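Chain residues, written in single-letter form:
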Amino acid sequence: MKKFTLTVLACLLAVPTFAGTHNKRHSLEIAYEHSSYKYTEPGLMKLSGHKNGVSASYMMRSILSTDFNDDDRSFAMLNFRYMTGDTDYDGGIQYWDGSSWQVTPYSVDGLDDYYFEADMKLGQTYQLGSPLTLYPYFGVGWRQLRNHLDQAGPGGYQRTQTYVYIPLGAHLEWDMTQQFTLTFKGEFDWMVYGNNNSGDDLSFKQSQGYGLRVSAKGQINLDKIGVFMEPFYRYWHIQNSTVEYGYVEPKNNTKEYGLRLGIAF
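The rules behind the values
Residues numbered from 1 in each chain as written. Predicted model: local features only at pLDDT ≥ 70, side-chain atom pairs only at ≥ 80, totals over all residues. Heavy atoms only, no water. Helix = DSSP H or I, 4+ residues; strand = E, 2+ residues; numbered from the N terminus. Buried < 20%, exposed > 50% of the residue type's maximum accessible area, 1.4 Å probe, protein only. Areas by Shrake-Rupley, 256 points an atom, 1.4 Å probe, with all protein chains shown as cover. Patch = residues over 30% accessible without salt bridge, like charges linked within 9 Å, V, L, I, M, F, W, Y side chains within 5 Å. Salt bridge = Lys/Arg side-chain N within 4 Å of Asp/Glu carboxyl O. Core = buried A, V, L, I, M, F, W, Y, C linked by side-chain atoms within 4.5 Å. Polar contact = N/O pair within 3.5 Å; in protein donor to acceptor, adjacent residues only side chain to side chain. Contact = heavy atoms within 4.5 Å. Lys, Arg positive; Asp, Glu negative; His and termini not counted. pLDDT = per-residue confidence, 0-100. Pairing = 2+ DSSP bridges.

## Topic: the overall build of the protein
So, point 1. Along its length, the protein carries one helix and 16 strands.
So, point 2. Relative to its 265 residues, the protein shows a buried fraction of 43%.
So, point 3. As displayed, the protein offers around 13,800 Å² of accessible surface, 61% of which is attributable to carbon and sulfur atoms.

Shown next, in the form of structure tokens:
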């Protein structure tokens, strides 16, 4: 991955650059993503592995006007992401020994795991001097994760987690030159609804939690397009679920860090 990234950067620096394209009314980003992923239920189990996927982001500026102008600094964003990859399970298997429930340590590699994300955001731009632009926003987001714990052995089950959340964040865009833009991003995700389906007949409400996202995107602006690289870190912290039939989905956290490589139109 390191060798591939260095090769991409070398190619980009060798291409003649022209005026930037990031001030258009309509803009679209399409990216490949690679990440290191770890899901943990403290003291109980963890799932870890690498993920690959794709993401797309569309922005429209001056949404309250018929054309793009400096008087209407409103904007809207639509984002989509799909990430998948095998994960390794490290935990235990619960079994009945005839008198009580027992847990024995158990590990297995290569479990199927993937998630989708989609959100819509609204905001307004603020010019902070000539090279700096701030993009604060709020919105609504949806995330669904599927773990194939049924592949982990006896007692395993397929689990589907669904979150609905409110993203609150901002982008700080710095036009370092006419050809190069650096953007810092930060976001807090307030989860307002969570549902966890475990197996065929157990469903838990798990609606107390939050997420955090940070990244830094460097973009080289070419004649018609921009090419960017964006390291990122994403984190989720979810509390215990409601109790259903004597069972509870335990509190958990998810840590994911990686790199986006993409093209902006």
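So, next bit.
## Overview of a nonpolar patch on the surface
So, point 1. A cluster of nonpolar side chains, contributed by Ile-63, Leu-64, Leu-122, Phe-138, Leu-168, Phe-188, Trp-190, Val-192, Tyr-193 and Leu-212, occupies part of the molecular surface with about 940 Å² of accessible area.
So, point 2. Here the nonpolar patch gets four residues from one element, more than from any other, and that element is strand β10 (residues 180–198).
So, point 3. With respect to the secondary-structure elements, Leu-64 resides in the loop between β2 (45–61) and β3 (74–84).

## Focus: the nonpolar core
So, point 1. Counting residues in hydrophobic clusters, the biggest one holds 10 residues: Tyr-37, Tyr-39, Met-45, Leu-47, Met-83, Tyr-89, Val-108, Leu-111, Tyr-115 and Leu-145.
So, point 2. Contributions of two or more residues to this core are made by β1 (26–41), β2 and β5 (101–111).

## Topic: the side chain of Ser-62
So, point 1. Mapped onto the elements, Ser-62 comes out in the loop between β2 and β3.
So, point 2. A relative accessible area of 0% means that Ser-62 is categorised as buried.
So, point 3. Polar side-chain contacts of Ser-62 include one of 3.2 Å to the backbone nitrogen of Asn-69.
So, point 4. Apart from residues lying up to four places away in sequence, Ser-62 is in contact with Arg-25, Asp-67, Phe-68, Asn-69, Asp-72 and Ser-74.

## Looking at the pattern of salt bridges
So, point 1. As enumerated under the stated definition, the model contains 15 salt bridges in all.
So, point 2. Linking Lys-51 and Asp-113 is a salt bridge whose minimum nitrogen-to-oxygen distance equals 2.5 Å. You can see Lys-51 sitting in strand β2 and its partner Asp-113 sitting in strand β6 (residues 113–124), a full 62 residues away along the chain.
So, point 3. Of the residues examined, Lys-51 reaches a relative accessible area of 0% and is grouped as buried.
So, point 4. According to the relative accessible area criterion, Asp-113 is buried, its value standing at 1%.

## As for the side chain of Arg-25
So, point 1. Residue placement: Arg-25 occurs in the loop between α1 (2–13) and β1.
So, point 2. The side chain of Arg-25 sits in the buried core without any salt bridge; Asp-72 is the nearest counter-charge, 5.9 Å away.
So, point 3. In this structure Arg-25 touches Met-59, Met-60, Arg-61, Ser-62, Ile-63, Ser-65, Thr-66, Asp-67 and Phe-68, once residues within four positions along its chain are discounted.

## Quick notes on the confidence of the model for the protein
So, point 1. Scored by pLDDT, the protein has a mean of 85; 83% of the residues are at 70 or more.
So, point 2. For residues 4–21, every residue scores under 50 in pLDDT, and the model assigns this stretch 29 contacts once sequence neighbours within four places are set aside.

## With respect to the pairing of strand β8 (residues 132–148)
So, point 1. Note that β6 and β8 share 11 bridges and pair antiparallel. In the strand pairing of β8, Tyr-115 is matched with Leu-145.
So, point 2. Examined bridge by bridge, strand β7 (residues 126–127) and β8 share two bridges and lie antiparallel to one another. Note that in β8 the partner of Tyr-126 across the bridge is Leu-134.
So, point 3. Counting the residues between successive antiparallel strands, the hairpin from β7 to β8 contains four residues, one of them, Gly-129, with a positive phi of roughly 85°.

## Digging into the environment of Lys-217
So, point 1. Here Lys-217 is to be found in strand β12 (residues 209–221).
So, point 2. Relative accessible area serves as the criterion here: at 7%, Lys-217 is assigned to the buried category.
So, point 3. Each C-alpha atom, one on Lys-217 and one on Arg-260, is 8.7 Å from the other, the two residues being 43 residues apart in sequence.
So, point 4. Filtering out sequence-adjacent residues up to four positions away, Lys-217 remains in contact with Glu-29, Thr-181, Leu-182, Thr-183, Lys-185, Phe-228, Met-229 and Glu-230.
So, point 5. At a separation of 2.4 Å, a polar atom in the side chain of Lys-217 contacts the side chain of Glu-29.

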